[in-house]
Amino acid sequence: MKILVTGAAGFIGFHTTQKLINDGHQVIGIDNQNGYYDPALKTARLNQLQALEGFTFYPMDIADEAAVHKLEADHSDIEIIIHLAAQAGVRYSIENPQSYVQSNLVGHANMLELARHLHEKGHLKHFVYASSSSVYGANKKTPFSVEDVVRSPVSFYAATKAANELMSQSYAHLYRLPATGLRFFTVYGPYGRPDMAYFSFTKAILEGKPITVFNNGDMRRDFTWIDDIVDGVTAVMNFAPTGDAFHTIAGAPHRVFNLGNNKAEKLLDFIETIEKALGKTTQKIMADMAAGDVKETFADITAAQEIFGYNPKTPISKGIPAFVEWYKDFYQ
Ligand SMILES: NC(=O)c1ccc[n+]([C@@H]2O[C@H](COP(=O)([O-])OP(=O)(O)OC[C@H]3O[C@@H](n4cnc5c(N)ncnc54)[C@H](O)[C@@H]3O)[C@@H](O)[C@H]2O)c1
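Since the model is a prediction, treat every value here as computed from it, not as a measurement. (Residues numbered from 1 in each chain as written. Predicted model: local features only at pLDDT ≥ 70, side-chain atom pairs only at ≥ 80, totals over all residues.)

Counting its secondary structure elements, the protein chain contains eleven helices and 13 strands. Compactness check: the protein chain gives a C-alpha radius of gyration of 19 Å against a globular reference of 20 Å for 332 residues, within 12% of the reference. Seen along its three principal axes, the alpha-carbon backbone of the protein chain occupies a region of about 60 × 45 × 35 Å. When the 332 residues of the protein chain are sorted by exposure, 46% land in the buried category. (Helix = DSSP H or I, 4+ residues; strand = E, 2+ residues; numbered from the N terminus. Rg over C-alpha atoms; globule rule 2.2 N^0.38 Å. Buried ≥ 20, exposed ≤ 12 C-beta atoms within 10 Å, placed from the backbone.)

Lining the immediate environment of the ligand, one finds 27 residues, of which G7, G10, F11, A86 and A130 sit closest. Elements represented by at least two residues in the shell around the ligand include exactly α1 (11–22), α5 (97–120) and β5 (126–132). The greatest single-element share of the shell around the ligand, amounting to three residues, is contributed by α1. Its residues assigned to classes, the shell around the ligand shows twelve nonpolar, eleven polar and four charged. (Near = placed C-beta within 6 Å. Nonpolar A, V, L, I, M, F, W, Y, C, P; charged D, E, K, R; others polar.)

On to the pairing of strand β11 (residues 254–259), then. Of all six residues in β11, six are buried, a share of seventy percent or more. Burial along β11 is two-sided: the face carrying H254, V256 and N258 and the face carrying R255, F257 and L259 are both buried. Bridge count for strand β6 (residues 179–184) against β11 is six bridges, and the pairing is parallel. Residue pairing across strands places L182 opposite F257, the latter belonging to β11. (Pairing = 2+ DSSP bridges.)

Moving on, we get to the sheet that holds β6. Strand order in the open sheet made by the seven strands is β3-β2-β1-β4-β5-β6-β11, with parallel pairing throughout. The open sheet has two edge strands, β3 (55–59) and β11, and neither has a second partner. Shown here is a sheet whose adjacent strand axes are inclined to one another by a mean of 20 degrees, direction ignored. Across five bridges, strand β1 (residues 2–6) lies against strand β2 (residues 26–31) in parallel orientation. (Axes fitted to C-alpha atoms, helices over the stretch in contact; angles between N-to-C directions.)

A separate point is the environment of Q33. You can see Q33 is positioned in the loop between β2 and α2 (39–50). Given 17 C-beta atoms within a 10 Å radius, Q33 is considered partly exposed. With residues near it in sequence (within four places) discarded, Q33 still touches A9, P39, K42 and P59. (Contact = placed C-beta atoms within 7 Å.)

Turning to the pairing of strand β4 (residues 80–83), a few remarks are in order. Because side chains alternate across β4, one face comprises the buried residues I80 and I82, and the other comprises I81 and H83, equally buried. The sheet contact formed by β1 and β4 spans four bridges and is parallel. The partner of V5 across the bridge, within β4, is I82. As paired strands, β4 and β5 are joined by four bridges and run parallel to one another. Bridge pairing in β5 places I82 opposite V128.

What follows is about helix α9 (residues 267–278). Over its twelve residues, α9 runs 17 Å from end to end, which matches the ideal 16 Å to within 8%, given 1.5 Å per residue. What α9 keeps buried is the set L267, F270, I271, T273, I274 and A277. The arc enclosing the buried residues of α9, seen along the axis, measures out at 155 degrees, which places them on a common side. Buried residues in α9 make contact with α7 (197–206), β8 (211–213), β9 (220–221), β12 (265–266) and α11 (316–331). Phi turns positive, to about 65 degrees, at G279, one or two residues after α9. (Expected span 1.5 Å × (residues − 1). Arc of directions from axis to C-beta.)

Across the eleven residues of helix α8 (residues 226–236), eight count as buried, placing the element largely inside the fold. Every buried residue of α8 is accounted for by I226, D228, I229, V230, G232, V233, T234 and V236.

Checked against the element boundaries, I249 lands in the loop between α8 and β11. The sequence separation of I249 and H69 amounts to 180 residues, and the corresponding C-alpha distance is 29 Å. When residues no more than four places from it in sequence are discounted, the contact partners of I249 are Q169, H254 and R255.

The next point concerns the packing of α5 against helix α6 (residues 156–175). At their nearest, the axes of α5 and α6 sit 10 Å apart, and the two run at 15 degrees to each other. Relative to α6, the element α5 lies roughly parallel. Our pair here, α5 against α6, has a crossing hand that is right-handed. The residues of α6 that touch α5, namely those facing P97, Y100, N104, L105, H108, A109, L112, R116 and H119, are F156, Y157, T160, A163, N164, M167, S168, Y171 and Y175. Its residues assigned to classes, the contact of α5 with α6 comprises eleven nonpolar, six polar and one charged. (Parallel < 35°, antiparallel > 145°, perpendicular 65-115°, else oblique. Left-handed = near helix turned anticlockwise from the far one by under 90°.)

Next up, the structure:
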């Protein structure tokens, strides 16, 4: 199949593209390789993808309507869109909300328009897009279920992801565009994101620097290994909602799923796992809760298990040492 992956130079986009090409698909990748974090990491991922047969790259911004039109003209036979490009990060959205407006709202609207056109031409079967566990915001009930009401974002990032779900619902309702939103829960692994705690903690511990532990360590996160996420993304793409199936929203062909590990790890246990893998400990500076953060994330993955057989298999005791091994090798 011909598949468009947005954010192909990003962490999840890179791994997803590799798997799709290994499975024999043709991938059109797009990314603007912005400087939110070290672009060298994006280039390193991209260099690997560009060596693969079946990969075509467009350096472009999804908020640029003219560039999206050109892509549409060049590849009107795309069958699946996996839309992962976004301005990620909770804390950065407090300093720089405008970049979230461009990439996550304008960009998402442009991707929906592209999907609508390709669907109307009879080619596109499914629009799959990244949402986030952050949409659960201030919800207290755990584990978080896709049946829960999500109306209490505590960061602007979360608000844009919740908006993406509503925007997609309206396109599914109006244009019968089959769409699936994936609420990812703290994804980690090789070639991961340097702005995330597991990455920056690993770096700091190796360099003998202290780490800041928010909410005095009283936090839990559902950590999901990248390969489990990629298996989920590449499985769900073959399950386009029809509008009358289980878990479809208000009769429109749109569903959302949690992709987590279904285990809420204590932050301090998680730090200890990193220290063990590195064979080194470090000083912990205890701090208050950071603005925009939530205390706990914990995914109920029942719907994903039932509908497309999602089955995360990697505990942090296995995933963290594998990440640490990659980190040492890559940065040596
Ligand atoms: N990694 C996680 O734990 C996690 C958790 C929840 C949700 N998500 C979501 O999953 C998706 C992928 O996340 P990731 O961790 O791979 O992040 P990432 O930042 O590594 O990847 C996103 C990619 O999109 C590109 N991009 C951003 N804005 C763009 C634009 N306007 N035009 C073109 N390209 C653009 C970036 O350059 C980057 O390469 C994002 O939508 C993110 O919000 C990730």
